[in-house]
Amino acid sequence: MENKTGTLYIVATPIGNLKDITLRAIETLEQVDVIAAEDTRHTLKLLNHFGISKPLISYHRHNEETKTDVLIEKLKRGEDIALVSDAGTPGISDPGEEAIKAAIKQNIEVITIPGACASIQALIGSGLDTSEFTFLGFLPTNKKNRKEKLDEITKSTKTIVIYEAPHKIKETLTDLAKIIENRKIVIARELTKIHEEYIRKDINEILQDTSNLKGEMVIVIQGRSKEEVEKEEQDFFEKMTLEEHYEYYNKQGLDKKEIIKKIAKDRKVHKNEIYKKFI
Ligand code: SAM
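Residues numbered from 1 in each chain as written. Predicted model: local features only at pLDDT ≥ 70, side-chain atom pairs only at ≥ 80, totals over all residues. Heavy atoms only, no water.

Draft legend 1. Structural view of unusual backbone geometry. Unusually for a residue other than glycine, Glu181 sits at a positive phi of about 50 degrees. Residue Glu181 is classed as exposed on the basis of its relative accessible area, which comes to 63%. A positive phi angle, close to 70 degrees, is found at Thr192, a residue other than glycine. For Thr192, a relative accessible area of 21% puts it in the partly exposed group. (Buried < 20%, exposed > 50% of the residue type's maximum accessible area, 1.4 Å probe, protein only.)

Draft legend 2. Broad picture of the site of the ligand. Residues in close proximity to the ligand total 19 residues, the closest being Thr89, Ile92, Asp94, Tyr163 and Met217. At 2.8 Å, a backbone N or O of Ala118 approaches an oxygen atom of the ligand. In this structure, Leu191 approaches the ligand through a main-chain N or O atom, which is 2.9 Å from a nitrogen atom. When isolated, the ligand has an accessible area of 570 Å², and the protein chains bury 91% of it. Counting only elements with at least two residues in the shell around the ligand, the list comes to strand E7 (159-164) and strand E10 (217-221). Of the residues belonging to the shell around the ligand, the class tally is eleven nonpolar, three polar and five charged. (Near = heavy atom within 4 Å. Polar contact = N/O pair within 3.5 Å; in protein donor to acceptor, adjacent residues only side chain to side chain. Areas by Shrake-Rupley, 256 points an atom, 1.4 Å probe, with all protein chains shown as cover. Helix = DSSP H or I, 4+ residues; strand = E, 2+ residues; numbered from the N terminus. Nonpolar A, V, L, I, M, F, W, Y, C, P; charged D, E, K, R; others polar.)

Draft legend 3. Structural context of the packing of aromatic side chains. Under the criterion given, the structure shown has seven aromatic pairs. On the numbers, 5.1 Å between centres and 75 degrees between planes, the contact of Tyr248 with Tyr249 is edge-to-face. Through a chain of ring-to-ring contacts, three or more aromatic side chains come together here, namely Phe236, Phe237, Tyr248 and Tyr249. (Phe/Tyr/Trp six-rings, centres within 6.5 Å; stacked < 30°, edge-to-face > 60°.)

Draft legend 4. Region of interest: the sheet that holds strand E9 (residues 197-199). A sheet is described by the order of its strands in space; here five strands give the open sequence E6-E7-E10-E8-E9, paired in mixed fashion. Edge positions in the sheet fall to strand E6 (133-138) and E9, since each of these pairs with one other strand and no more. Direction aside, the axes of adjacent strands within the sheet are offset by 20 degrees on average. Summarising the sheet, E6 and E7 pair through five bridges and their orientation is parallel. Residue pairing across strands places Phe133 opposite Thr159, the latter belonging to E7. Running over the sheet, helix H6 (residues 143-155) touches E6, E7 and E10 and is turned about 155 degrees from E6. Relative to the sheet, helix H7 (residues 169-177) contacts E7, strand E8 (185-189) and E10, its axis offset from that of E10 by approximately 5 degrees. (Pairing = 2+ DSSP bridges. Axes fitted to C-alpha atoms, helices over the stretch in contact; angles between N-to-C directions. Contact = heavy atoms within 4.5 Å.)

Spelled out as structure tokens, the structure:
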């Protein structure tokens with residue numbers, strides 16, 4: 001008889017308050033054969049709290065590559081595995097992605113058990129636009145990569161969500177203060193814990209005293225307003241002569257009809273008016 005492969009369960013755990021675990025997550029942790037944990041000592045405390053006793057194997061950033069093979073072997077032998085990180089949703093600025101990709105490649109079933117995720121909690125509690133958002137994880141420390149991300153934040157019309165560690169928060173807020181102008185910023189601190197707090201002040205005011213910015217934090221930044229972006233684009237094109245404007249799109253390989261349509265839109269005039277100027 002063919003051996004049935006196991007299932008990889010990706011289980012979200014609380015981000016502070018231990019009550020934020022689902023019944024399904026507990027049930028899954030109880031039923032699997034083994035739990036792959038980012039920090040086994042940390043997960044052991046969670047398991048003890050819920051009276052669960054299960055073999056644990058470590059699965060973290062530095063052994064992800066080799067341990068993924070171990071997990072896949074176990075799954076192929078028919079063992080069910082639950083993968084958890086220290087807090088929140090695995091795979092979101094946490095290990096998990098490699099195991100999920102490898103399991104999918106091997107046709108192993110992956111089931112995700114939803115639960116807390118700091119980025120989503122912070123976003124919804126921020127009071128900023130939730131219809132579209134960009135999650136950037138932790139800002140890179142490498143200068144060039146960091147600048148690229150900061151440029152992305154500068155230009156974004158969508159709400160931006162980033163994670164930051166307390167010892168780097170001042171540096172990150174200082175960098176953000178240089179680019180966000182009058183856009184709102186919200187710091188969601190210690191979510192689901194006793195000292196949960198949403199700081200909704202001007203960024204320069206926050207920077208005057210950062211001594212209270214302790215614990216875990218998510219930064220949520222309002223996107224640029226569409227009107228502001230349109231106005232900037234309009235100013236950009238209005239500085240050009242009509243010929244320069246034409247050349248700008250010509251270089252992009254557009255045909256004459258498309259160029260005229262675009263110029264009319266940029267300058268907020270009827271396309272016939274532009275058309276007449278080019279015949
Ligand atoms: N996988 C996790 C999740 O689903 O949110 C994120 C893990 S990441 C390594 C840790 C970062 O998440 C922290 O530095 C902080 O930015 C954010 N974070 C985690 N728990 C938080 C909490 N209770 N309050 C605010 N931010 C939190």
